[in-house]
Amino acid sequence: MMQASYERRINNLQETFLEKYGVQPKVIVRAPGRVNLIGEHTDYNEGFVFPAAIDREMIIAAAPSDDEIVSAYSLDYHEDVSFSTDEIPNNDDKHHWSAYLRGVVDVVTKNGGNIGGLNLVTSGNVPQGAGLSSSASFEVGLVTVLDALFSLNLSKKELALLAQKAENEFVGVQCGIMDQFVSALGEEDSAIQIDCRSLEYRAVPLNLEKNGYSIVITHSGVHRGLVDSEYNARRNECLEGVRLLSQLRGAHLSSLRDVSLVDLSQHKESLPERIYRRCLHVVSENQRVLDAVAALENGDIQRFGYLMNESHESMKTNYEISTPEIDVLVKLTQALPATSGSRLTGAGFGGCTVSIIRSSEVDNYKNIVIPRYEKETGNQTSVYVCSAKKGASFVTP
Ligand code: GLA
């Protein structure tokens, strides 16, 4: 996949800004996408996740304007949008991408941010609909811009929460906090373990390259379908699990975070089979995150990979968010002796896998596994070796 260099993209952004608005941008912000190494569908169950911010990002140039108008130009879509901060349109069928901008301005305003007009130019290279959080990178980038231009003094956590709110309340996707959190608070060469109940987190150095391993992201060529409806269905099934387990235990549980594997197995026969499997995925995945982080800290990359494989199996069998093609890709990847682990990453129903592969064997992966997968499924993939980057920041032009 050929990518324009980061510097070229920044120059282009600046030149376009000057051309369109006749002044230099006041700030340029970058906000990364993310890859989740382990801990899937646990964030909205107040559980643990372990994502890393990646070297694909949204970049935004911005400056305040003299009026109350928000004007934006998207270099990706070659489209302009504008609206007044006094009357933010709920819909704009012609410019779907602007929902994130309208949503962020709306939510920040409703939460007390005193926002005036502004001009923006945006450009992103996080693949869309791939499970790498292109929308979260846009939202976090936009909140960072508003924070800087209008002196909102938001902490990074507040910033992530507002970005999530825009997605939940305006865009209408009931996502958890993981994507926005890591896009705002990710750290260079580390993944971050987030406790999605307390929002405490810590950066854990990946040290993969040092040990001869790479993080390889592969777009399966399966475009995500059904993700919104199925995502919400999983959320509801988890809530149903919490309700039933509270009844069975005769005590109020606030989320699946309050449930242990032992608790769950005691009530297996009393729960509807599907609800039991959904709960089993979440409860076991929380434990896998803790075990995987411990393995990484012990330098045990084989165990880390084994837990990634187990995570995939659980997503496939218990949570049912994989697809037959992605299962083929994961199986072929896991069979490569140089692979430590491989799994579907993100919400599921299509998109990307994440694999930890010996760096010296990544070419073999591309030359052997990928053609086999493409032949077997007829899908076109794209593969990229990613590195972990820090969360949203300002670019000094
Ligand atoms: C999407 C959501 C996240 C998280 C993942 C699944 O990326 O935005 O909040 O729930 O799916 O782990």
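Above this text you will find the structure in question.
Residues numbered from 1 in each chain as written. Predicted model: local features only at pLDDT ≥ 70, side-chain atom pairs only at ≥ 80, totals over all residues. Heavy atoms only, no water.

1. Notes on the overall build of the chain
In step 1: Looking only at helices and strands, the chain features eleven helices and twelve strands.
In step 2: Along the first, second and third principal axes, the C-alpha atoms of the chain reach 65 × 55 × 40 Å.
In step 3: For the chain, buried positions account for 58% of its 397 residues.
In step 4: Taking the intrachain contacts of the chain between residues at least 6 apart in sequence as the baseline, contacts between residues at least 24 apart amount to 71%.
In step 5: With an accessible surface of roughly 16,600 Å², the chain has 46% of that area assigned to carbon and sulfur atoms. (Helix = DSSP H or I, 4+ residues; strand = E, 2+ residues; numbered from the N terminus. Buried < 20%, exposed > 50% of the residue type's maximum accessible area, 1.4 Å probe, protein only. Contact = heavy atoms within 4.5 Å. Areas by Shrake-Rupley, 256 points an atom, 1.4 Å probe, with all protein chains shown as cover.)

2. Notes on the sheet that holds strand β9 (residues 339–344)
In step 1: As summarised here, the arrangement of the four strands in space is β9-β10-β8-β11, forming an open sheet in which the pairing is antiparallel. At either margin of the open sheet sits one strand with a lone partner, and together these are β9 and β11 (382–386). The average angle at which neighbouring strand axes cross in this sheet is 20°, direction not considered.
In step 2: Pairing of strand β8 (residues 213–219) with strand β10 (residues 352–358) involves seven bridges; the strand directions are antiparallel. Bridge pairing in β10 places isoleucine 217 opposite valine 354. (Pairing = 2+ DSSP bridges. Axes fitted to C-alpha atoms, helices over the stretch in contact; angles between N-to-C directions.)

3. Regarding the site of the ligand
In step 1: In the neighbourhood of the ligand, the contacting residues comprise Arg34, Glu40, His41, Asp43, Tyr44, Cys175, Gly176, Met178, Asp179, Tyr231 and Ala347.
In step 2: Separating an oxygen atom of the ligand from a side-chain N or O atom of arginine 34 is a distance of 3.0 Å.
In step 3: Note that an oxygen atom of the ligand is positioned 2.7 Å from one of the backbone N or O atoms of histidine 41.
In step 4: For the ligand, whose unbound accessible area comes to 310 Å², protein coverage reaches 93%.
In step 5: Of the pockets mapped on this structure, the ligand occupies the largest pocket.
In step 6: Grouping the amino acids of the shell around the ligand by side-chain chemistry returns five nonpolar, two polar and four charged. (Near = heavy atom within 4 Å. Polar contact = N/O pair within 3.5 Å; in protein donor to acceptor, adjacent residues only side chain to side chain. 1 Å grid on protein atoms, 1.4 Å probe; cavity = no way out; pocket = protein on both sides within 12 Å on 5 of 7 lines; lining within 4 Å. Sits in = over half its atoms within 2 Å of the grid points. Nonpolar A, V, L, I, M, F, W, Y, C, P; charged D, E, K, R; others polar.)

4. Digging into empty space enclosed by the protein
With a probe scaled to a water molecule rolled over the atoms, the places where space remains empty come into view.
In step 1: A full pass over the atoms with the stated rule returns one cavity of 30 Å³ or more.
In step 2: Approximately 30 Å³ is the volume attributed to the largest cavity.
In step 3: Contributing elements (two or more residues each) for the lining of the largest cavity: α2 (98–110), β5 (118–124) and α3 (134–149).
In step 4: At three residues, α2 tops the list of elements feeding residues into the lining of the largest cavity. (Points joined across faces, edges and corners; volume = space filled by probe spheres on them.)

5. Section: the layout of surface pockets
In step 1: Size it by volume and the largest pocket reaches roughly 910 Å³.
In step 2: Looking at the largest pocket, it is lined by 44 residues, and the ones nearest its centre are Tyr100, Ser134, Ser135, Glu167 and Arg224.
In step 3: Looking at the lining of the largest pocket, the elements with two or more residues in it are β2 (48–64), α2, β5, α3, α4 (156–171), α5 (178–185) and α6 (227–249).
In step 4: Classifying every residue of the lining of the largest pocket by side-chain character gives 19 nonpolar, 16 polar and nine charged.

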